[in-house]
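Observations on the model geometry
Single-letter residue listing:
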Amino acid sequence: MLRSNNQYQTPNEYYNIQQMAVAGDVLEDFIVIFREMMKRYLDIGEDMNVPDDFTPTELQSGMWWRHLAAGGVAGAVSRTCTAPLDRIKVFLQVQTQKTGISDSLRYMLREGGLRSMWRGNGINVLKIAPESALKFAAYEKIKRLIRGDDKRQMTIGERFIAGAAAGGISQTVIYPMEVLKTRLALRKTGQYTGIVDAAKKIYVHEGVRSFYRGYIPNMLGIIPYAGIDLAVYETLKKKYLSSHNTEQPSFLVLLACGSASSTLGQVCSYPLALVRTRLQAQVVAKSKQSPPMGAIPLKQAGAANDDNMMGVFRKILRTEGICGLYRGITPNFIKVLPAVSISYVVYEYSSRCLGVNMT
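Our subject in this report is the structure included herewith. The shown structure was predicted, so the numbers you read here are calculated from the model rather than taken from an experiment. (Residues numbered from 1 in each chain as written. Predicted model: local features only at pLDDT ≥ 70, side-chain atom pairs only at ≥ 80, totals over all residues. Heavy atoms only, no water.)

An ideal rise of 1.5 Å per residue puts 26 Å on 18 residues; helix α17 (residues 336–353) measures up with 26 Å between its terminal C-alpha atoms. Within the span of α17, buried status applies to Val336, Ala339, Val340, Ser343, Tyr344, Val346, Tyr347, Glu348, Ser350 and Ser351. Of the residues one or two after α17, Gly355 is the one with positive phi, at around 85°. (Helix = DSSP H or I, 4+ residues; strand = E, 2+ residues; numbered from the N terminus. Expected span 1.5 Å × (residues − 1). Buried < 20%, exposed > 50% of the residue type's maximum accessible area, 1.4 Å probe, protein only.)

What follows is the structure in structure tokens.
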């Protein structure tokens, strides 16, 4: 989240911000949240970044919920605006043959009209509130367990552990909503009347286990992304500092380092995201009865005997090659810039309306 300059949580973080050669408060804020937003809108599992670390004053004054509320509004608006690109990405991820973005768009418009481009967006927005609340509560509890009665600042490693654990807890609880989002995004006209109807039909025909299909690759995808992103970012920054006689790299240099690290992390972790989506999309009936009318065919999302993570990986490599692991990555990258820009602007205005001091 965006925070005012006097709210940065560690002396080093504040010092780095003050030393940056940027022109104005808006760019300072943008630098702070750019890599966080890249993580949030690249497809690695929703919102697995480290939560905000609020000060005791903010917790007592109630300022924390205003930050979370502003972030929720920003996320809802940005997700809604980029929902068509997100649906195209999901559609491409489950295809077993090469399909273009324009072909996918034409098919969707022909099959369901313009409104169909927002299928699955409702639950994608709906899950923002419970996920943020769960992650915030879990993060605060884990911080207290790590620090005990000590009021010291947490180290970067401790914050990463606490954030990862909190994210894992929130993802575990809301993961059925992730599965519903994928099914609703891929549904055919008339297949489901809404979120409740989709949940009921999945439960009746496939059982509870289907609500956690793809859970393992979803959680595993965070490890390579976070590690590669952090390592590449720090390596590029140190390389620049060693070859230039400046105390801190400029705004554009940090922007380039953040973009490169997030992009490389995304490329390395994307195959797990694709396997997750294919597993979520599979319709595996509880018995040998035929799948329900209008269901996503197994030949699209993976064969019936390849209904686990390694099975799907092997099938993709055997039938589609390495390129098959990166289907849908183009619209995924395309949506990042508008999503980050919209989220930043909406967050700023929402914060002002809620009385959060931005500068």
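Per the stated rule, a full pass over the model turns up five aromatic pairs. With a centroid separation of 5.9 Å and 70° between ring planes, the pair formed by Tyr212 and Tyr215 is classed as edge-to-face. Given a relative accessible area of 23%, Tyr215 falls into the partly exposed group. Within the aromatic cluster, the residues linked to one another by ring pairs are Tyr175, Tyr212 and Tyr215. The ring of Tyr349 carries the charged tip of Arg352 above its face, separated from the ring centre by 5.5 Å. (Phe/Tyr/Trp six-rings, centres within 6.5 Å; stacked < 30°, edge-to-face > 60°. Lys NZ or Arg CZ within 6 Å of the ring centre and 35° of its normal.)

A separate point is the pattern of salt bridges. Between side chains of opposite charge, a pair can form when the charged atoms approach closely. This model, assessed by the stated rule, comprises 13 salt bridges. Through salt bridges with shared partners, one network takes in Asp86, Lys89, Lys181 and Lys335. (Salt bridge = Lys/Arg side-chain N within 4 Å of Asp/Glu carboxyl O.)

On to the environment of Ala164, then. As for its position among the elements, Ala164 is in helix α9 (residues 156–186). In this structure Ala164 comes out as partly exposed when scored by relative accessible area, which is 36%. Through-space distance from the C-alpha of Ala164 to that of Met219 is 9.9 Å; in sequence the pair is 55 residues apart.

Now for the side chain of Ser170. Relative to the helices and strands, Ser170 resides in helix α9. Sequence-distant contacts of Ser170, that is, excluding residues within four places in its chain, are made with Glu131, Leu134 and Lys135. (Contact = heavy atoms within 4.5 Å.)

An α-helical segment advances 3.6 residues per turn. Residues three or four places apart therefore align on the same side. The end-to-end C-alpha distance of helix α10 (residues 195–206) is 16 Å, a good match for the 16 Å that twelve residues give at a rise of 1.5 Å each. When we look at burial in α10, the residues that qualify are Asp197, Ala198, Ile202 and Glu206. Projected down its long axis, α10 shows its buried positions confined to an angular sector of 130°, all on one face. For α10, the exposed residues lying more than 90 degrees away from the buried face are Val196 and Lys200. In the segment just after α10, Gly207 is the residue with positive phi, at about 90°. (Arc of directions from axis to C-beta.)

It is the contact of helix α4 (residues 63–81) with α17, at a shortest axis distance of 8 Å, that shows an interaxial angle of 145°. The element α4 and its partner α17 pack so that their crossing is right-handed. Taking contact as the criterion, the partners of His67, Ala70, Gly71, Val73, Ala74, Val77, Ser78 and Cys81 in α4 are, on α17, Ala339, Ile342, Ser343, Val346, Tyr347, Ser350 and Ser351. Of the residues contributing to the contact of α4 with α17, the split by class is nine nonpolar, six polar and no charged. (Axes fitted to C-alpha atoms, helices over the stretch in contact; angles between N-to-C directions. Left-handed = near helix turned anticlockwise from the far one by under 90°. Nonpolar A, V, L, I, M, F, W, Y, C, P; charged D, E, K, R; others polar.)

As a further point, take the side chain of Arg213. Here Arg213 lies in the loop between α10 and α11 (215–220). From its side chain, Arg213 meets the backbone oxygen of Leu279 in a polar contact 3.0 Å long. Side chain to side chain, Arg213 and Gln282 meet in a polar contact 2.4 Å long. Apart from residues lying up to four places away in sequence, Arg213 is in contact with Tyr175, Val179, Leu279, Gln280, Gln282, Val284 and Asp307. (Polar contact = N/O pair within 3.5 Å; in protein donor to acceptor, adjacent residues only side chain to side chain.)

Time to look at a nonpolar patch on the surface. A surface patch of nonpolar side chains, about 360 Å² in accessible area, is lined by Leu105, Leu109, Leu114 and Trp118. Position of Leu105 relative to the elements: it lies in helix α6 (residues 101–112). On the basis of relative accessible area, Leu105 is assigned to the partly exposed category, the value being 34%. (Patch = residues over 30% accessible without salt bridge, like charges linked within 9 Å, V, L, I, M, F, W, Y side chains within 5 Å. Areas by Shrake-Rupley, 256 points an atom, 1.4 Å probe, with all protein chains shown as cover.)

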